[in-house]
Amino acid sequence: MNQGAKNTKPSRIPRWYYSSFVIVALSFSAICASLYTNNDTLTTYKQSIYTTKEVNDFQNELLELTLLVNKMDAPGNDIFNSHDADKEEKLFLKYRELFITKLKKILDERKSKEKSLNISINNLYLLEEKIHLFSSHALSIFSFYRTGNIPQAASHMAAMDKLNAEFADAISKEIDKITDLFHKNMHIELTKASRLEHTMFIIGLLTFLLIILITFHEYRLSQRIRQNMELHKQHEIKLEALVNTVIDGIITINKQGIIESFNLSAQRIFGYEPQEVIGQNINMLMPEPYHSEHDGYLKHYIETKERKIIGIGREVKAKRKDGAIFPIELGVSQFSIGNNPTFVGSIHDITEKKQLMLDLSNQMDALNKVQSVLELKPDGTIITANENFLKMTGYTLNEIKGLNYTIFTNTEQKKTQEYIDFWKNLTQGQHQASEFQRIGKNNKEIWFQGHYSPIFNEDGELIKIIKFSSDITQRKLMEQKLSQFLKEMEEKNQDLEIAHEQAKIANNMKSEFLATMSHEIRTPMNGIIGMTELLMDSDLNTSQQAYAHTVMNSAESLLAIINDILDFSKIESGKMDIEAIPFDLQTIMDDTVEL
């Protein structure tokens, strides 16, 4: 993550978004108002039709009821003209039955609709109560007429006419009530219709204005969309340029695994041109078994959302155009547009990195075989150590892991300024290298040639110290023995020098003695040689001459021996000179034989 990145304020919502929202809200309100008004108008119209129909039906039923009342009343009057009581009675009973049936039907129907029409039918209940009285008067008329009691019949006829008038009045009142109700409802409906007409006019006007506003807004919005499309196109160009400049390969695929984009780094890594891979399955860039199994992996993720690499990243193998298999670090992320997921793969070729790590690992293995390695925290806490170090110190890793490095130093050494400065310089990042004396397990003395290397992180902070060392204990012990031996030899050399001086004095004395002795001996020898030469020059016979010659040779030989002794003395004193003197080999051989 880029540490230099700064927090940015959230992007401001554009004004056209709010205006679009307001227009949509107004449109929705206008539609709702229009629908409500239309529904109210339709309801009013239906209610008006329903009320008119109900009022008309009720009026017709009351008129029919009035007609039946008149028909019931007629037989009571007609009997005085027809004088046929049985006939008139049958007619009365017929119309009475029709009246009762009709009245009951009206009462039942109007009772259920009384509240909806807001009509009181109390007057009709009065008819129901008085129909029996009316019937009684009518039957009395027929009965008295048969017996010839005309006055009584006329009396009952008058009473029946009075009831008939009451029935007619009650029905007339109901009709008037219905008429008034009808007129009142019509007035209400007309008033409501007038209001609805005004409302529809206002809604129509608002709708017209809204259409103008929507048209203007669509024009502005279309301009903004064109601008956004241009910006989007520019962003795509910038994004493409950015993607093509990154060192990692960037590949996008759809949910079927089909390649949709392939940047320049991906071309460089895999060796393909874009037209060779776009539209092809991503598994063409994979060796087996990934090649055969990738589609199954992708389908399983889409169905279960179980992540194995998406958002995690891992090291996998890839295949170049030439068929070469190489290692990569693969990171996969996902984004969706609608219900269509797109997967973005980031590919980093780690061939050189893997080879470098392999070389480094081999170097470390080789180093571990010949060097002792110890890792420490900055405070000196032991992290780990290799076998060579453990063998050198005599400890196991479990015995020293987590302890402080001072376990390898004695108490006196810890207090020395040299040791304090050593750790101070080391923790300040200074490399330390020298020969060090430490103690191992059971206070075993050990010596090593060590290199302490501070290790830093990216921020320059000391994170650990690695010590490489070679065991030089045996060499140090040999050096100690050699030092002791040299010390002893130096003492012996001092004794030898004294003896040499004494020998030199003795040799000088010897040389002086030899010089003195040679001088003392050579003087008489020269006398003998001189006298022998004189003797040989005298008259001697052959035998005498031979004897004198032998004495002469022996004297010269003795003189030569004396000279040789002096030469050895010169050799010891370094003063001998080599001379080239001619000689007669035959004479020397003869003289040697004679001796």
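Keep in mind that what you see is a predicted model, and the values were worked out from it rather than measured.

(A) Inspection of the confidence of the model for the chain at higher detail. Here the chain averages 76 in pLDDT, while 79% of its residues score no lower than 70. Highest mean pLDDT in the chain belongs to helix α6 (residues 274–277) (90); lowest belongs to helix α1 (residues 15–82) (67). Scored below 50 in pLDDT, residues 1–11 shows 0 contacts in the model against residues more than four places distant or in partner chains.

(B) Molecular detail of the side chain of T342. With respect to the helices and strands, T342 occurs in strand β5 (residues 340–349). Setting aside residues up to four positions removed in sequence, T342 forms contacts with T252, I253, E260, S333, Q334 and F335.

(C) A look at the pattern of salt bridges. Applying the stated criterion across every chain yields a total of 7 salt bridges. A salt bridge links R320 to D349; the shortest N-O distance between them is 3.3 Å. Note that R320 is positioned in the loop between β3 (314–319) and β4 (325–337) and D349 in strand β5, a separation of 29 residues in sequence.

(D) Representation of the nonpolar core. One finds M72, F99 and F134 to be the most contacted residues of the largest nonpolar core, which totals 26 residues. Breaking this core down by element, the ones donating at least two residues are α1, α2 (85–117), α3 (122–147) and α4 (150–245). With 8 residues, α4 is the largest single contributor of residues to this core. When sequence neighbours within four positions are dropped, the list of residues in contact with F99 reads L65, L68, V69, M72, I131 and F167. Counting 24 residues, the second largest nonpolar core, distinct from the first, contains I282, V316, I328 and L330.

(E) Just the sheet that holds strand β9 (residues 445–456), in detail. Here we have 5 strands laid out as an open sheet, ordered β7-β6-β10-β9-β8, and antiparallel in their pairing. The open sheet terminates on both sides in strands that have one partner only, identified here as β7 (382–385) and β8 (432–439). Direction aside, the axes of adjacent strands within the sheet are offset by 30 degrees on average. The pairing of β8 with β9 spans 8 bridges and is classified as antiparallel. When the bridges of β9 are listed, I439 appears paired with E445. With respect to the sheet, helix α12 (residues 417–427) is in contact with β6 (372–376), β8, β9 and β10 (462–471), its orientation differing from that of β8 by roughly 135 degrees.

(F) Region of the structure containing α12. Inspection of α12 places Y419, F422, W423 and L426 among the buried residues, and these make up the whole buried set. An end-on view of α12 places all buried positions within 85 degrees of arc, on one side of the element. Buried residues along α12 sit against β6, α11 (411–414), β8, β9 and β10. Once α12 finishes, G429 follows within two positions and takes phi at roughly 95 degrees, a positive value.

(G) Spatial organisation of the environment of I529. You can see I529 is positioned in helix α13 (residues 473–537). As for I529 and V551, which are separated by 22 residues in sequence, their C-alpha atoms are 8.2 Å apart. I529 has contacts with M552, A555, E556 and L559, leaving out every residue within four places of it along the chain.

Basis of the calculations
Residues numbered from 1 in each chain as written. Predicted model: local features only at pLDDT ≥ 70, side-chain atom pairs only at ≥ 80, totals over all residues. Heavy atoms only, no water. pLDDT = per-residue confidence, 0-100. Helix = DSSP H or I, 4+ residues; strand = E, 2+ residues; numbered from the N terminus. Contact = heavy atoms within 4.5 Å. Salt bridge = Lys/Arg side-chain N within 4 Å of Asp/Glu carboxyl O. Core = buried A, V, L, I, M, F, W, Y, C linked by side-chain atoms within 4.5 Å. Buried < 20%, exposed > 50% of the residue type's maximum accessible area, 1.4 Å probe, protein only. Pairing = 2+ DSSP bridges. Axes fitted to C-alpha atoms, helices over the stretch in contact; angles between N-to-C directions. Arc of directions from axis to C-beta.

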